[in-house]
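Structural description and commentary
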Amino acid sequence: MAPTDTLDLEQAIRDNYRLWNEGRREELDLLFRRMGPAGFTIEYVGSAPVEGGAAMEAMWDQYGGKCTTEPLEVIVNGAEGAAFVANRLQTDDGIVTLPSLETYKISDGRLTVRYFHKTAH
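Residues numbered from 1 in each chain as written. Predicted model: local features only at pLDDT ≥ 70, side-chain atom pairs only at ≥ 80, totals over all residues. Heavy atoms only, no water.

Attention shifts here to the side chain of Thr-69. For Thr-69, the position within the fold is in strand β3 (residues 67-77). The exposure class of Thr-69 is buried, given its relative accessible area of 12%. Beyond its immediate sequence surroundings of up to four residues, Thr-69 is in contact with Tyr-17, Trp-20, Asn-21, Val-85, Ala-86 and Asn-87. (Helix = DSSP H or I, 4+ residues; strand = E, 2+ residues; numbered from the N terminus. Buried < 20%, exposed > 50% of the residue type's maximum accessible area, 1.4 Å probe, protein only. Contact = heavy atoms within 4.5 Å.)

As structure tokens, this is what we get:
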């Protein structure tokens, strides 16, 4: 049975952002394991993919409690989804909104997450 037969991918993607905003790290980890029971990677496009658990740990350490996410649009086709997200980062100068495009693909029980963020030039 394919993961999308038992998993509502759109709801899972939306739950990802909700759990992040609520600071529910343990439940977020469980969600990612459910989405990718054979493992998952996270890639900041332009950099090499990182094993999902390590990537989540680093992301949580850097942005947990400092950045909230608002999925402005979520589109799912089969076992692939994309989200247009407004990331609101608390800085010393106030809140800065950083847009991102984030993709999710489930294949053979593995989840691949890719984040397209603007880079400083």
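That shown, we press on.
The next subject is the pairing of strand β6 (residues 110-117). Bridge count for strand β1 (residues 40-44) against β6 is 5 bridges, and the pairing is parallel. Note that in β6 the partner of Glu-43 across the bridge is Arg-114. The turn linking strand β5 (residues 94-107) back onto β6 is made up of 2 residues, and Asp-108 within it adopts a positive phi angle of 55 degrees. (Pairing = 2+ DSSP bridges.)

One key point about sheets: their strands pair by backbone hydrogen bonds, in either a parallel or an antiparallel sense. Ordered by their spatial adjacency, 6 strands build an open sheet running β2-β1-β6-β5-β4-β3, and the pairing between neighbours is mixed. Taken across any chain shown, the strands that pair with only one partner, and hence form the sheet edges, are β2 (50-51) and β3. The pairing of β5 with β6 spans 8 bridges and is antiparallel. Residue Leu-101 lies in a different strand from β6, and its bridge partner there is Phe-116. Against the sheet, helix α2 (residues 9-22) contacts β3, β4 (80-91) and β5, and its axis sits at roughly 180 degrees relative to β3. Helix α4 (residues 52-63) contacts β1, β2, β3, β4 and β6 of the sheet and is inclined by roughly 50 degrees relative to β1. (Axes fitted to C-alpha atoms, helices over the stretch in contact; angles between N-to-C directions.)

Bridge count for β4 against β5 is 12 bridges, and the pairing is antiparallel. Each residue of the ladder has a partner; that of Ala-82, found in β5, is Thr-103. What sits between β4 and β5 in their antiparallel hairpin is a turn of 2 residues.

Located in the positive-phi region is Asp-108, a residue other than glycine, with phi close to 55 degrees. Checked against the element boundaries, Asp-108 lands in the loop between β5 and β6. Assessed through its relative accessible area of 77%, Asp-108 is described here as exposed.

A few words now on the environment of Tyr-17. The residue Tyr-17 is located in helix α2 in this model. For the pair Tyr-17 and Val-85, spaced 68 residues apart in sequence, the C-alpha to C-alpha distance is 9.2 Å. Discounting chain neighbours no more than four positions away, the residues touching Tyr-17 are Thr-69, Pro-71, Ala-83, Val-85, Glu-102 and Tyr-104.

Purely geometric stuff here, so don't read any function into it on its own.
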